[in-house]
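The primary structure of each chain is shown beneath.
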Amino acid sequence: MKNIAIIMGGYSSEYKISLISGNVVYQYLDKTKYNGFRIHIFKEKWVYVDENNAEFSIDKNDFSVTVNDQKITFDCVFNAIHGTPGEDGLMQAYFELIGIKQSSCDYYQAALTFNKRDLLSVLKPYGIKTAISYYLNKGDVINTAEIVKKVGLPCFVKPNKAGSSFGISKVKSEAELPIAIEVAYKEDNEIIIESFLDGTEVSVGVINYQGEIKVLPITEIVSDNDFFDYEAKYEGKSQEITPARISDELTQKVSEVAKRAYEVLKMKGFSRSEFIIVDNEPYMLEMNTIPGLTTESLIPQQAHAAGISLEDLFTNAIELALS
C-alpha cells in the first residue's frame, strides 16, 4: 500500500473549490492500493486532517507527519490546489527539492501556464490563435482611450494570474474600465485586458492516460450570465454540454490545437484549455493545470464521457507520477 498525500486548500480565493476537489479525490481513491491522507495547505498552517477532523502539523523539512508517535512519509502527492501555491509552481518546486513524486506538471510549466500573458506569448509562434490583448501592472498609468483603441469594446478585464473566474469583468464602455481594473487588482497585481471574441466557448481536457496523450471529449459552455463567471461555473448558472455541439471536423481541429499546446509545453498530469471558436477557428484563452475535480467539474464530466471512472482517472495520475 502506497501512502498518498492529497494536498488541498491553498492561499487564493479558490481554496473552497480546492477543498471540495481534494475530498472528491480522497473519496474515489482506490482503497485497495492507496492510503489517502488529506493535507490542508494554508498560509498559517500545513496540517494532516484525519477522519475525526483532528489536525496534525506537517514537518516542512521532509513533508512528513507524526501521528501517535508514528512518523508517516508519503510515496506520492496528489495535487488538488487551485491557484497559488499549487498551480503556480511553488509546491512543484518544493516537492522536486525534497524528492517526492507529485501528480501535476513540473514547476516551470505550472508557473508559465498560471501566467496567461506568458502562456499565450509562448504558444503564439506555434500557430495557436489568441485574442488581442493589453497588459497592466499595478501602478501603471491607465490610459482608457489607448486600451479601447487596441482591444475594442466590449472587452474582458482579467487578473493575469488567478482562476475560477474571480476578478473578471466584461466591460461595455470606456467609463467602466477603471472600476473593472480595480476589481481585477483585488486578485492580482498584473492584469490582462482582452478583445471580446463572439463565438462558441469550449473547454478541452488533455491528459496522459496510460502513457499516451489523450484528448477528452470537448465540453461546450453556454452561460446564463453574460460570460462564464463564478456563478456560471460553480452555482449552476450555465449549461455544460459534453460532447460539444460542433462538427466532427471542428472537434478534430480544436482537439489538435489543445494536444499541440500540451506537447509544446511538455506537460504532465491534467490540463484543461479554454477556447472561443470564431469562424471555425479556435482562439485560446488559458490553460489550467490543476482543473476542478469536483463531481460536477469539467474534467470528471469529460472523463465520464470517455468511459473513464474517477477511480481510474486518479489511479492513472498517481501511477504516472510514481513511474
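Rules behind the numbers
Residues numbered from 1 in each chain as written. Predicted model: local features only at pLDDT ≥ 70, side-chain atom pairs only at ≥ 80, totals over all residues. Heavy atoms only, no water. Axes fitted to C-alpha atoms, helices over the stretch in contact; angles between N-to-C directions. Helix = DSSP H or I, 4+ residues; strand = E, 2+ residues; numbered from the N terminus. Parallel < 35°, antiparallel > 145°, perpendicular 65-115°, else oblique. Contact = heavy atoms within 4.5 Å. Nonpolar A, V, L, I, M, F, W, Y, C, P; charged D, E, K, R; others polar. Pairing = 2+ DSSP bridges. Buried < 20%, exposed > 50% of the residue type's maximum accessible area, 1.4 Å probe, protein only. Right-handed = clockwise from strand over helix to strand, strands pointing away. Disulfide = S-S within 2.5 Å. UniProt positions renumbered as here; feature names shortened; annotations may be inferred.

Novice: Talk me through the packing of helix α1 (residues 15-28) against helix α10 (residues 310-322); I want residue IDs and the actual numbers.
Specialist: For any two helices packed against each other, one specifies the crossing angle of their axes together with the interaxial distance. Look at α1 against α10: their axes get within 9 Å of each other, and the N-to-C directions meet at 95 degrees. The angle between α1 and α10 places the two elements in the roughly perpendicular class. Along its contact with α1, which presents Val-24, Val-25 and Tyr-28, the element α10 presents Leu-310, Glu-311 and Phe-314. Taken together, the residues of the contact of α1 with α10 break down into five nonpolar, no polar and one charged.

Novice: Describe the sheet that holds strand β10 (residues 133-137), with residues and values.
Specialist: The sheet built from four strands is open, its strands ordered β10-β13-β11-β12 with antiparallel pairing. Two strands in the sheet have a free side with no partner beyond their single neighbour: β10 and β12 (169-171). Neighbouring strand axes in the sheet, compared pairwise and without regard to direction, differ in orientation by 25 degrees on average. Pairing between strand β11 (residues 155-159) and β12: three bridges, direction antiparallel. What sits directly across from Cys-155, in β12, is Val-171. Lying over the sheet, helix α5 (residues 144-151) contacts β10, β11 and β13 (190-195), oriented at roughly 150 degrees with respect to β10.

Novice: Break down the pairing of strand β2 (residues 34-42) for me, citing the residues and quoting the values.
Specialist: Across the nine residues of β2, seven count as buried, placing the element largely inside the fold. Examined bridge by bridge, strand β1 (residues 2-9) and β2 share eight bridges and lie parallel to one another. The partner of Ile-4 across the bridge, within β2, is Gly-36. Taken together, β1, α1 and β2 form a β-α-β motif whose crossover is right-handed. Here β2 runs beside strand β3 (residues 45-49); their pairing, made up of five bridges, is antiparallel. The residue bridging Arg-38 from the neighbouring strand is Val-49, located in β3.

Novice: Go over the state of the cysteines, please, and point to the residues and values.
Specialist: Throughout this description, disulfide means a covalent bond between two cysteine sulfur atoms. Going through the model one piece at a time under the given rule, you end up with zero disulfides. In this model Cys-76 remains outside any disulfide bridge; the closest cysteine sulfur is found in Cys-105, 14 Å from its own. Residue Cys-76 is classed as buried on the basis of its relative accessible area of 0%.

Novice: Any details on the UniProt feature "binding site: Mg(2+) 2" (unreviewed entry) in the protein chain? Residues and values, ideally.
Specialist: When the UniProt feature table is mapped onto this chain, "binding site: Mg(2+) 2" (unreviewed entry) is found at Glu-286 and Asn-288. Given the relative accessible area of 17%, Glu-286 is considered buried. One can find Asn-288 in strand β19 (residues 281-288). With sequence-adjacent residues up to four places away left out, Asn-288 is seen in contact with Glu-87, Phe-270, Ser-271, Arg-272 and Glu-274.

Novice: Which residues make up the side chain of Ser-12, and what are the values?
Specialist: Within the element layout of this structure, Ser-12 appears in the loop between β1 and α1. Under the relative-accessibility criterion, Ser-12 is labelled buried at 19%. Discounting chain neighbours no more than four positions away, the residues touching Ser-12 are His-82, Gly-83 and Thr-84.

Novice: Run through the packing of α5 against helix α6 (residues 177-185), naming residues and quoting values.
Specialist: Contact geometry for α5 and α6: axes closest at 11 Å, N-to-C directions at 90 degrees. For the element pair α5 / α6, the angle class is roughly perpendicular. On α6, the residues that touch Thr-144, Ile-147 and Val-148 of α5 are Leu-177, Pro-178 and Ile-181. Residues of the contact of α5 with α6, tallied by class, amount to five nonpolar, one polar and no charged.

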